[in-house]
Amino acid sequence: MKKVVKFGGSSLASAEQFRKVGEIIHSDRDRKYVVPSAPGKRYSSDTKVTDMLYDCYNTAADHIDIARKLAAIQERYQEIIDGLGLDLSLDAEFAKIREQFEAQAGSDYAASRGEYLNGIVMAAYLGYEFIDAAEVIRFDEDGVFDSETTNRILQERLRTVECAVIPGFYGALEDGSIKTFSRGGSDITGSIVARAVHADLYENWTDVSGFLVTDPRIVENPETIETITYRELRELSYMGATVLHADSIFPLRQEGIPINIKNTNRPQDPGTLIVESTCRQPKFTITGIAGKKGFCAVNIEKDMMNSEIGFGRKVLQVFEENGISFEHVPSGIDTFTVLVHQSEFMEKEQSVISGIHRAVHPDTLDLESDLALIAVVGRGMRAKRGTSGRIFSALAHANVNVKMIDQGSSELNIIIGVKNEDFERAVKAIYDIFVLTV
Ligand code: ASP
């Protein structure tokens, strides 16, 4: 068996956390390739090393001396090195970083140093080979991740390496300039490495015991999801559920590699298993509930709309011309609604309204703002009759008025639109009916 293990920032914030990680890795010989993040927060008011690096780099760009800020970053690593009793000096690395910051090597270079240095410390601690991600993760000249070239280089490089540490979050262009993924991007590096080595499992270690059925800020102590499919995860992540970077799914999907989300502080917990497909029935009819506030509905009405060919295209073209993407388009015989992100839409609203008038001459056009969308997701819904009935009777009992319903033909999700102010009550009601009421 071959496992790729990625550890998040909170799992590597201190020497004590490093020790837990060391124990986890050494307890299973299959954990051969390790992808670390930069040291994260040690306590809630602490600052992540990545943020310290961005700040330090901006200071250098303003031509202000960075000695103090850089020393504070080095101190974070020194504390870990001393705590682990390692014979390792990062002085030469920090001298180079200082030089590069002063020469304005770029904020991507700056941010990447968090993972780079943590990789060096981790490799020394584990006795694994260190492989600089700049060598093996490739971006094209436009800064877009080049998956196939990366896969080839990585496979070649790792062919004869039994155990290695490859820092997360960054790679390089062909000319060697450093480029990072978006924030939280070490997850992506982990999945790229898992794909390249044909891993049997990608373990993503963090500070929670897996994906929760819903947001713990809305429902106290929600249940953990045991097994979830990539597709379900994508639906939930899109609607705001976070744990794993959304772009990390794709490389794994190409190979059908399962992901296990695990908790560094509670390694005994099974966590959440993310798979391509499974016969395992979900514990509840629904797998998860996620949602977001801040949508606006553009409602268009026109008599005989149903017989006007090209109506939808003309309306959507107006949104396209204004650079606004739409979320959902529920429609009736003579009505057509376009749901958009309010913050994106607001500054263009008048231009969109006049554009629609010109394009399709509607009888009425009105806007409804401050809407929330809730996605109820679950592969189990397909096999169960009455799921939507249960959702809507729960919402009626909770006194929530449903503004919009959209069920995809895959029966994997039901999207419900409610007023922003009803959002939390609605999520709680749906959770209660599926999880707490047996
Ligand atoms: N250190 C980076 C961040 O804070 C990347 C990561 O942790 O995945 O976003």
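Whatever comes next refers back to the structure up there.
Thresholds applied
- Residues numbered from 1 in each chain as written.
- Predicted model: local features only at pLDDT ≥ 70, side-chain atom pairs only at ≥ 80, totals over all residues.
- Heavy atoms only, no water.
- Helix = DSSP H or I, 4+ residues; strand = E, 2+ residues; numbered from the N terminus.
- Rg over C-alpha atoms; globule rule 2.2 N^0.38 Å.
- Contact = heavy atoms within 4.5 Å.
- Areas by Shrake-Rupley, 256 points an atom, 1.4 Å probe, with all protein chains shown as cover.
- Lys, Arg positive; Asp, Glu negative; His and termini not counted.
- Charge placed at Lys NZ, Arg CZ, Asp CG, Glu CD.
- Pairing = 2+ DSSP bridges.
- Axes fitted to C-alpha atoms, helices over the stretch in contact; angles between N-to-C directions.
- Patch = residues over 30% accessible without salt bridge, like charges linked within 9 Å, V, L, I, M, F, W, Y side chains within 5 Å.
- Salt bridge = Lys/Arg side-chain N within 4 Å of Asp/Glu carboxyl O.
- Expected span 1.5 Å × (residues − 1).
- Buried < 20%, exposed > 50% of the residue type's maximum accessible area, 1.4 Å probe, protein only.
- Near = heavy atom within 4 Å.
- Polar contact = N/O pair within 3.5 Å; in protein donor to acceptor, adjacent residues only side chain to side chain.
- Nonpolar A, V, L, I, M, F, W, Y, C, P; charged D, E, K, R; others polar.
- Parallel < 35°, antiparallel > 145°, perpendicular 65-115°, else oblique.
- Phe/Tyr/Trp six-rings, centres within 6.5 Å; stacked < 30°, edge-to-face > 60°.
- Lys NZ or Arg CZ within 6 Å of the ring centre and 35° of its normal.

**A closer look at the overall build of the chain**
Now for step 1: The secondary structure content of the chain amounts to 15 helices and 16 strands.
Now for step 2: On C-alpha atoms alone, the chain measures out to a radius of gyration of 25 Å, which is about the 22 Å that the 2.2 N^0.38 rule sets for 438 residues.
Now for step 3: Overall size of the chain, expressed as C-alpha extent along the three principal axes, is 75 × 55 × 40 Å.
Now for step 4: A separation of at least 24 residues holds for 75% of the contacts in the chain among residues at least 6 apart in sequence.
Now for step 5: Accessible surface for the chain amounts to roughly 20,100 Å². Of this, 47% is attributable to carbon and sulfur atoms.
Now for step 6: Of the side-chain charges in the chain, 48 are positive and 65 negative, and the distance between the mean point of each set is 5 Å.

**As for the sheet that holds strand S12 (residues 326–328)**
Now for step 1: With antiparallel pairing, six strands are arranged side by side in an open sheet as S12-S13-S11-S14-S16-S15. The sheet terminates laterally at S12 and strand S15 (404–407), the two strands that pair on one side only. Within this sheet the neighbouring strands show an average axis-to-axis angle of 35°, counted without direction.
Now for step 2: Here strand S11 (residues 288–301) runs beside strand S13 (residues 335–341); their pairing, made up of seven bridges, is antiparallel.

**What about a negative patch on the surface?**
Now for step 1: A surface patch of negative charge is lined by Glu141, Asp142, Glu174 and Asp175.
Now for step 2: Mapped onto the fold, Asp142 is located in the loop between helix H6 (133–136) and helix H7 (147–158).

**What to know about helix H1 (residues 15–26)**
Now for step 1: Spanning twelve residues, H1 covers 16 Å between terminal C-alpha atoms, matching the ideal 16 Å at 1.5 Å per step.
Now for step 2: Within H1, the full set of buried residues consists of Ala15, Gln17, Phe18, Val21, Gly22, Ile24 and Ile25.
Now for step 3: In this structure, the buried side of H1 is in contact with strand S1 (3–7), strand S2 (31–36), helix H3 (67–84), helix H5 (107–126) and strand S7 (201–206).

**A word on the site of the ligand**
Now for step 1: Residues in close proximity to the ligand include Ser37, Lys48, Thr50, Glu115, Phe169, Arg183, Gly184, Gly185 and Ser186, which together make up its full environment.
Now for step 2: Note that an oxygen atom of the ligand is positioned 3.1 Å from one of the side-chain N or O atoms of Ser37.
Now for step 3: Starting from 260 Å² of accessible surface for the ligand in isolation, the protein chains cover 93%.
Now for step 4: Taken together, the residues of the shell around the ligand sort by class into one nonpolar, five polar and three charged.

**What about the packing of H3 against H5?**
Now for step 1: Following both chains from N to C, one finds H3 and H5 inclined at 5°, their axes separated by 11 Å at the closest point. The pairing of H3 with H5 is recorded here as roughly parallel in orientation. Across the interface between the two elements, Tyr77, Ile80, Ile81 and Leu84 from H3 touch Arg113, Gly114, Leu117, Asn118, Val121 and Tyr125 from H5.
Now for step 2: A class-by-class count of the residues in the contact of H3 with H5 yields seven nonpolar, two polar and one charged.

**Here we look at the packing of aromatic side chains**
Now for step 1: According to the stated counting rule, one finds eleven aromatic pairs in the structure shown.
Now for step 2: When the ring of Tyr57 is compared with that of Phe101, the centres are 5.4 Å apart and the planes differ by 90°; the resulting orientation is edge-to-face. Here Phe101 lies in helix H4 (residues 91–102) and Tyr57 lies in helix H2 (residues 49–61), a separation of 44 residues in the sequence. Of the two residues, Tyr57 and Phe101, both sit in the buried class.
Now for step 3: The ring centre of Tyr170 lies 5.5 Å from the NZ or CZ of Arg113, which sits over that ring.

**Structural notes on the pattern of salt bridges**
Now for step 1: Per the counting criterion, the structure on display carries 25 salt bridges.
Now for step 2: Taking the shortest distance from any N to any O, the salt bridge between Arg31 and Glu203 comes out at 2.7 Å. Here the residue Arg31 occupies a position in strand S2, and Glu203 occupies one in strand S7, the gap between them amounting to 172 residues.
Now for step 3: Linking Asp422 and Arg425 is a salt bridge whose minimum nitrogen-to-oxygen distance equals 2.7 Å.
Now for step 4: Residues joined by salt bridges that share partners form a network here, namely Lys3, Asp28, Arg31 and Glu203.

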